[in-house]
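Examining the three-dimensional arrangement
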Amino acid sequence: MLVVTSAIAMGGGARVPFGDGEALGEDVLGIPLIVRFPERRFGGSRVHVPTTAMDVARTVLDSMGLDPPDEMEGRDLLEMAAHGGE
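In what follows, the accompanying structure is described.

Along its length, the chain carries 3 helices and 2 strands. When burial is assessed residue by residue, the chain has 17% of its 86 residues classed as buried. Carbon together with sulfur atoms contributes 55% to the accessible area of the chain, which is approximately 6700 Å² in total.

Here it is as structure tokens:
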């Protein structure tokens, strides 16, 4: 599995979104997350739902066959892709 993300939104400017008086809308805070699952499952698919770093952490643990701690938040991105983000 390969996971790629960015610190700047796609097509976004290089401005820092946390200055005084700056609006913090999703257009500024959204960044790309690209996941290549084993066997190219869901290759070319796009799922337009918000994700968190905890989703990435859970996905990595699940992909390695490791059980996440019971209190761990986050969703498996493979499952999200399989169900269209639901």
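Right, picking up where we left off after that structure.
One can find Asp55 in helix α2 (residues 53-63). In terms of polar contacts, Asp55 uses its side chain to reach the backbone amide nitrogen of Thr52, at 2.9 Å.

So, on to unusual backbone geometry. Despite not being glycine, Glu39 has its phi angle at roughly 60°, a positive value. Looking at the element boundaries, Glu39 is found in the loop between β2 (33-36) and α2. The exposure class assigned to Glu39 is exposed, which follows from its relative accessible area of 76%.

Time to look at α2. Along α2, the positions that sit buried rather than exposed are Asp55, Arg58 and Thr59. What you see down the axis of α2 is that its buried residues fit within an arc of 100°, all on one side. The elements touched by buried residues of α2 are α3 (77-82). The N-capping residue of α2, defined by a side-chain oxygen 3.2 Å from the backbone nitrogen of Met54, is Thr52.

Definitions and cut-offs
Residue numbering note: each chain is counted from 1, following its sequence as written. Two thresholds apply to this predicted model, a pLDDT of at least 70 for residue-level local features and 80 or more for giving and counting side-chain atom pairs, whereas whole-chain, interface and lining totals are computed over all residues. Here the side-chain values reflect all heavy atoms present in the structure, with hydrogen atoms and water set aside. The helix count covers DSSP runs of H or I at least four residues long, the strand count covers runs of E at least two residues long, and both are numbered beginning at the N terminus. For every residue, the accessible area (1.4 Å probe, protein chains only) is compared with the maximum for its type, and the residue is labelled buried under 20%, exposed over 50%, or partly exposed between those bounds. Each accessible area is a Shrake-Rupley estimate made with a 1.4 Å probe; only the visible protein chains count as cover when residues are assessed. Think of a polar contact as two N or O atoms within 3.5 Å of one another; within protein, one of them needs to be a possible hydrogen donor and the other a possible acceptor, and neighboring residues in sequence only count if both atoms come from side chains. It is the directions from the helix axis to the C-beta atoms that the arc portrays. Here, residues are in contact when the closest pair of their heavy atoms is within 4.5 Å.

Any functional reading would require information beyond the geometric quantities listed.
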